[in-house]
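Chain and residue survey
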Amino acid sequence: KGVFSLDESRKILETAKEYGLKPKLHADQLTPFGVAELAAEIKAVSADHLEFISDSGIEKMKQSGTIAVLLPGAVFGLGKDNYPPARKMIDMGLQIALATDFNPGSSFTESMPMILSLACLRMKLTPAEAITAATINSAYAIDKGDSIGSLERGKKADIVIWDVKN
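Here we summarise the structure given alongside this text. (Residues numbered from 1 in each chain as written. Predicted model: local features only at pLDDT ≥ 70, side-chain atom pairs only at ≥ 80, totals over all residues. Heavy atoms only, no water.)

1. Describing the packing of helix H6 (residues 112–123) against helix H7 (residues 127–134)
When two helices pack together, their arrangement is captured by the angle between the axes and the distance separating the axes. Interaxial distance between H6 and H7 falls to 9 Å at its minimum, and their mutual angle equals 135 degrees. Between H6 and H7, the interaxial angle falls into the category oblique. Both H6 and H7 take part in a crossing whose hand is right-handed. Here Met112, Leu116, Ala119 and Cys120 of H6 come into contact with H7, specifically with Pro127, Ala130, Ile131 and Ala134. (Axes fitted to C-alpha atoms, helices over the stretch in contact; angles between N-to-C directions. Helix = DSSP H or I, 4+ residues; strand = E, 2+ residues; numbered from the N terminus. Parallel < 35°, antiparallel > 145°, perpendicular 65-115°, else oblique. Left-handed = near helix turned anticlockwise from the far one by under 90°. Contact = heavy atoms within 4.5 Å.)

Here you go:
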């Protein structure tokens, strides 16, 4: 209720692609709706949220190269427990990214360290997986993986050094 149907969304997104826009979708946050599958079908750069993604949606997004942008701050901010199935996504080979989704309605934090902590504690990512999701995978989720997101010659970077054991 109150959202575009899948057919309406497909038409809008395909038209946007004709004008050179690269689709990113708000997908399957509050209910299982099949938006992950639509994101894969139209070869979106990314699909965000995905708390209610299906196994089919995971597989199709993996096949299309669509990045899953997970927003654990929104789940936390809404007082919910239905975090995206990040462990399953990774195990099935889907690339995930992490972001804050900072906004006044559901995600009240700009803190990436908090997002990394939620990803590890609530979505069962390892610290290395969380950092990868927050850096290079996030760069690819905004179609900039060739110029940012990792420490490589020729890329732009802001560098943070943490004194941690692993």
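Text resumes after the structure shown.
2. A short note on the pairing of strand S3 (residues 67–70)
Side-chain alternation along S3 places Ile67 and Val69 on one buried face and Ala68 and Leu70 on a second face that is also buried. Of the pairings in the sheet, the one linking strand S2 (residues 46–49) to S3 comprises 3 bridges and is parallel in character. Within S3, the position partnered with Ser46 by the bridge is Ile67. Considered for its hand, the β-α-β crossover made up of S2, helix H3 (residues 55–64) and S3 is right-handed. (Buried < 20%, exposed > 50% of the residue type's maximum accessible area, 1.4 Å probe, protein only. Pairing = 2+ DSSP bridges. Right-handed = clockwise from strand over helix to strand, strands pointing away.)

3. A look at the side chain of Thr109
Take Thr109: it is sitting in the loop between strand S4 (96–98) and H6. One polar contact links the side chain of Thr109 to the main-chain amide nitrogen of Ser111, over a distance of 2.9 Å. Setting aside residues up to four positions removed in sequence, Thr109 forms contacts with Thr100, Phe102, Met114 and Ile115. (Polar contact = N/O pair within 3.5 Å; in protein donor to acceptor, adjacent residues only side chain to side chain.)

Any link to function would need more than the numbers given here.
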